[in-house]
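Chain residues, written in single-letter form:
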2 protein chains.
Amino acid sequence: MDSDQLILSGQMMLKFVADYWRTIENRSVLPSVQPGYLQPLLPSQAPEEPEQFSQIINDLESTIMQGVTHWQSPYFYAYYPTANSYAAICGDILSAGIACVGFSWIASPSCTELEVIVMDWLVKALNLPEFFLSTGNGGGVIQGTASEAVLVAVLAARSRVLNRMQEKDSSITLGKLLDKLVVYCSDQAHSSVDKAVLIVGCKLRKIVSDNNCSIKADQLEQAISDDRAKDLIPFCLVATLGSTPTCAFDDVAGLGKVCQEENIWLHVDAAYAGSAFICPEYQYLLNGVEYSDSFNFNPHKWMLVNFDCSAMWIKDRTYFINAFNVDPLYLKHDYSKVAPDYRHWQIPLGRRFRSLKLWFVLRTYGLSGIRKHIRKHIELAKLFISYLENDKRFEIVFPSITMGLVCFRLKDGSNELNEKLLKALNEDKRIYLVPSMVKQRFILRLVVCSYLTEVKHIEYAWNIIKEVATKLLTKT
Amino acid sequence: MDSDQLILSGQMMLKFVADYWRTIENRSVLPSVQPGYLQPLLPSQAPEEPEQFSQIINDLESTIMQGVTHWQSPYFYAYYPTANSYAAICGDILSAGIACVGFSWIASPSCTELEVIVMDWLVKALNLPEFFLSTGNGGGVIQGTASEAVLVAVLAARSRVLNRMQEKDSSITLGKLLDKLVVYCSDQAHSSVDKAVLIVGCKLRKIVSDNNCSIKADQLEQAISDDRAKDLIPFCLVATLGSTPTCAFDDVAGLGKVCQEENIWLHVDAAYAGSAFICPEYQYLLNGVEYSDSFNFNPHKWMLVNFDCSAMWIKDRTYFINAFNVDPLYLKHDYSKVAPDYRHWQIPLGRRFRSLKLWFVLRTYGLSGIRKHIRKHIELAKLFISYLENDKRFEIVFPSITMGLVCFRLKDGSNELNEKLLKALNEDKRIYLVPSMVKQRFILRLVVCSYLTEVKHIEYAWNIIKEVATKLLTKT
């Protein structure tokens, strides 16, 4: 590493990014490129000789930036947000500079210890159950994504049920159990549950959600009883607080009680909505989380920490260690009993110093600053709702507790018509939304995503939606 | 995002990192802290109000830096290197600034397309088989770690064997097969194979390596034939080019032929040594890779790209898509047939724009610059070998093709004595090494790791090793 070069090139790079953020509103949120656009713009092989860093920066606009979908644009209303902040970027610069790989305590003590501390901070800030604190049997870990958190939870649950069965009958193997093992989730749960189950290879039973897109205790009880009658083995429920299609909330309190009675692992996925629990007025939504065995939410969605940072907790950390412990000598050290070896808590071995950016963000904004950010987004969503309510052509569908997502459609329109509306909006390219199909209804999702989104942007988005809808309705 | 704040804080952060690199030699490579050191130094909960960014920077030395193991120090000779460079850090700054999540083409076209292009560049630069190029049925993808690459390979192999069995008998389920499925690897293979097999839940058969710590065709053939006689189903071999304990190379050419004949998925893990294939003089080591179904190496180990960046290729990309495809409407788009949807190539859904740092590094150093870096490390390892050869108290053990790792021990010493030597060296804290236990022999591993390592550092390390050994041998 050449320190002078780092300063020189790093400053160029920071300036580029700062300019990007200053001018992001002037860029079309969706690029106009066609697949394969980049190939002709770049050489067909890596350069033999070094190039100037300034040359790379000069090339960016004409190559890379042409094909960027601007997730941080105030005209981006798709998916769910991916968070960002200068504090998080600085945390990443430090993490990249130190460049340690914190798979065990000795591999870099502060990398493990800061993670333990900030994950405890989050337990307190979100008012999560105390058993998730590192001071007891539980603990928190930063995973890359919610998908990894869900997979790791299902694996820990599988390990627990296998151990229990083997205690009764030591001849039982995973193969003998696999076709009987059942994971439950809502038909509204994220595709990461499908993927985790695909990897584990067991059965997934999706419980049909009610009109609020939520699942409840009696449905779960019925499903478990049906499955037990078929000689199946229910072992895990992934409940959702804030689903992807409509931000629906499962009845975790009721479901959790069933899980406890039935000895089923309860994982609660609050990937998006979890950040809102930092506001006391939304903590009632955590009701029932005291039944959970594990929990995750993504600070990288809505808490100003950039991707990747998915916060996960487990009630009893021995289940991680049982599920993942492989211990070669070159990784052994004398401290494994006194500090968590996070390599046993995750799929990868290596890990970056991601707690730095979480620490930087929590300190730079303070809990009050993060609450302000969350509340502002919710207010903007409410503003959009008020626009919809005053236009009879539209209806709000699947209204949930309002977070930053609003689901809507043309009230008297067919799915086909609403699909046309979505397509017309995305071809227009002034704003970007993605749809969802819920209960056979094609719906449009508007999510307040960017840190830069203000009242004027919501007004602007609404005007575009009205304009495109009017054009469409006149045509048809 | 406040652009001015980004510039201001970012520059402070860059300066801190640049100073860190300038003074890294003055720091003890191993910290002196005890487990739990950080807790009393930080508040027990997150601050309510915002703090100044400069305050955070001011706190770093007295808190975080006290507990850092300095992986980038020229006195760090442990594990394997984790790469770094100013170019890679700049790539990460840009990735963090754009902050898109490139799980599909439309989610940010350049994020997918640049990855396709630079992964093709690497195929050509390393002289990997042409079938890995995106222009055919294959393709490359950036995984987070080699652990994920190995897991994903085993899952693709499992999907292939299951499909084949189901073609013959549609009543076959994964559960019925699981207890029969066997993965093979060397007893020298990385713990990531154990972890992948633990997750999949099938059997792992470790083949006893020869005196060079390498496995060969006849041993694999024997193992397969034994297992088939037991009604087991061999379906995957993970071969290693450059093992973790001794940098041993399996006989991939021989093994590959067996895999082809036996219809077994061959995954080649060249996590560390793969970077050396960028030098034509080491490409002969790729002999046999033409039999592989998938291949990975870690640019984040030895190719100046910082963690995480594990490059992986597959011969037939449909196996990824078969293994991982879950397709909800909110992720569907019109382009999925013309560009890879990388979400089907990996465990997580979300992904950062990691190809930027690979692109920056390849351009900033050029292939010639990267070759220079690799060759320099190998020369330094050879220098250390020459020291060992001239001191009769030591022996070089398990000599392999020399990369950056040298394995050695006190020639006439017991395992216990060598363990004492390693312990004394790490308690001394002037340099940091980790051991390995190979063929019942406790060995010391010295790996040239840092970009900053020069002849003088190898001399220094050697002098410390001699000094500590002399002290130890005098005592005993």
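- Chain A appears in an unreviewed UniProt entry as Aromatic-L-amino-acid decarboxylase from Didymodactylos carnosus.
- Recorded under Cofactor (unreviewed entry), the UniProt text for chain A is reproduced unchanged: "pyridoxal 5'-phosphate".
- Under the Sequence similarities (unreviewed entry) heading, UniProt states for chain A: "Belongs to the group II decarboxylase family."

1. So, the pattern of salt bridges
- Going through the model one piece at a time under the given rule, you end up with 60 salt bridges over all chains.
- Lys230(A) is the partner of Asp227(A) in a salt bridge, and the nearest nitrogen-oxygen pair spans 3.8 Å.
- Under the relative-accessibility criterion, Asp227(A) is labelled buried at 2%.
- Residue Arg343(A) is joined to Asp341(A) by a salt bridge in which the shortest nitrogen-to-oxygen separation is 3.0 Å.
- Judged by its relative accessible area of 4%, Arg343(A) falls in the buried class.
- Through salt bridges with shared partners, a single network forms among Asp308(A), Arg352(A), Arg354(A), Asp308(B), Arg352(B) and Arg354(B).

2. Notes on the relation of the copies chain B and chain A
- Least-squares fitting of chain B to chain A yields an RMSD of 0.0 Å, with the superposition described by an axial translation of 0.0 Å and a rotation of 180°. Classification of the inter-copy transformation places it as that of a two-fold axis. Closest approach to the rotation axis within chain B is made by the C-alpha atom of Gly175(B), at a distance of 2.4 Å.
- Most of the interface of chain B is mirrored in chain A: 100% of its interface residues are interface residues there too.

3. Topic: unusual backbone geometry
Residues and elements named next belong to chain A.
- For the peptide bond that leads from Phe307 to Asp308, omega is 10°, which places it in the cis range.
- Along the chain, Asp308 turns up in the loop between helix H10 (299-302) and strand E7 (310-314).
- Phi is positive for Leu304, close to 70°, though the residue is something other than glycine.
- On the secondary structure map, Leu304 appears in the loop between H10 and E7.

4. Here we look at the environment of Tyr80(A)
Residues and elements named next belong to chain A.
- For Tyr80, the location among the structural elements is in the loop between helix H2 (53-60) and helix H3 (86-98).
- Overall, the relative accessible area of 5% leaves Tyr80 in the buried class.
- Once the C-alpha coordinates of Tyr80 and Asn322 are considered, the two residues, 242 residues apart in sequence, prove to be 34 Å apart.
- Leaving out residues up to four positions away in the same chain, Tyr80 has contacts with Trp71, Gly242, Ser243, Thr244, Cys247, Tyr272, Lys301, Leu405, Arg445, Val447 and Cys449.

What counts and how
Residues numbered from 1 in each chain as written. Chains lettered and ligands numbered in written order. Predicted model: local features only at pLDDT ≥ 70, side-chain atom pairs only at ≥ 80, totals over all residues. Heavy atoms only, no water. UniProt positions renumbered as here; feature names shortened; annotations may be inferred. Salt bridge = Lys/Arg side-chain N within 4 Å of Asp/Glu carboxyl O. Buried < 20%, exposed > 50% of the residue type's maximum accessible area, 1.4 Å probe, protein only. Least-squares fit on C-alpha atoms with pLDDT ≥ 70 in both. Contact = heavy atoms within 4.5 Å. Helix = DSSP H or I, 4+ residues; strand = E, 2+ residues; numbered from the N terminus.

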